[in-house]
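# A structural walkthrough
Here is what each chain is made of, one letter per residue.
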Amino acid sequence: MEGIDLFDKNDADNKQTDMLHARIQRLQPFDRAIVLLWLENMSYDEIAQIVGINVKNVSVRLYRIKEQLKQMN
């Protein structure tokens, strides 16, 4: 029985991951770049340098992006 629960959990995790990837693909390219860099565990400083905005803007944009992702169906 424990094996079945493990597979069910993995299946649920895979579905959530697939859903998140689909939602990220629907973002505008600039926002998509920011969230993908964040998902790669880059610091706000590193993200700011890469995309050419200041650290405060990275923080604000990530907050807004996360809210947008939550609202998507």
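These lines cover the structure that appears in this document, whether it is placed above or below. (Residues numbered from 1 in each chain as written. Predicted model: local features only at pLDDT ≥ 70, side-chain atom pairs only at ≥ 80, totals over all residues. Heavy atoms only, no water.)

### Structural notes on the packing of helix H2 (residues 29–39) against helix H4 (residues 55–71)
Heads up, the rule is: Axes here mean lines fitted to C-alpha atoms, for a helix over just the part in contact, with angles spanning 0 to 180 degrees between N-to-C directions. Secondary structure elements are taken from DSSP: a helix is a run of H or I of four residues or more, a strand is a run of E of two residues or more, and numbering for both begins at the N terminus. Angles below 35 degrees are treated as roughly parallel, those above 145 as roughly antiparallel, those between 65 and 115 as roughly perpendicular, and all remaining angles as oblique. Every residue pair with non-hydrogen atoms within 4.5 Å of one another is taken to be in contact. Side-chain classes follow a simple rule in which Ala, Val, Leu, Ile, Met, Phe, Trp, Tyr, Cys and Pro form the nonpolar group, Asp, Glu, Lys and Arg form the charged group, and the remainder, Gly included, forms the polar group.
Interhelical geometry of H2 versus H4 gives an angle of 100 degrees and a closest axis separation of 10 Å. Regarding the angle of H2 to H4, the classification is roughly perpendicular. Between H2, through Phe30, Asp31, Ile34, Val35 and Trp38, and H4, the contact on the second element is made entirely by Arg61, Leu62, Ile65, Lys66, Gln68 and Leu69. Here the residues of the contact of H2 with H4 are counted per class, giving 7 nonpolar, 1 polar and 3 charged.

### Some details on unusual backbone geometry
Threshold: Relative accessible area decides the class of each residue, using a 1.4 Å probe on protein chains only: under 20% of the type maximum gives buried, over 50% gives exposed, and in between gives partly exposed.
The backbone of Asn41 shows a phi angle near 65 degrees, a positive value even though the residue is not glycine. Along the chain, the position of Asn41 falls in the loop between H2 and helix H3 (44–51). The class for Asn41 is exposed, based on a relative accessible area of 70%.

### Let's talk about the pattern of salt bridges
Quick note on the threshold: In the sections that follow, a salt bridge refers to a side-chain nitrogen of Lys or Arg positioned within 4 Å of a carboxyl oxygen of Asp or Glu.
Evaluation of the coordinates by the stated rule reveals 3 salt bridges. In this structure, Asp11 and Lys15 form a salt bridge, with 3.6 Å as the shortest nitrogen-oxygen distance. Here Lys15 and Asp11 lie together in helix H1 (residues 2–25), a separation of 4 residues that amounts to about one turn. With relative accessibility at 39%, the residue Asp11 sits in the partly exposed group. Given a relative accessible area of 55%, Lys15 falls into the exposed group. Asp31 is the salt-bridge partner of Arg61, the closest N and O atoms lying 2.8 Å from each other. Here Arg61, found in helix H4, pairs with Asp31, found in helix H2; they are 30 residues apart in sequence, far enough to count as distant.

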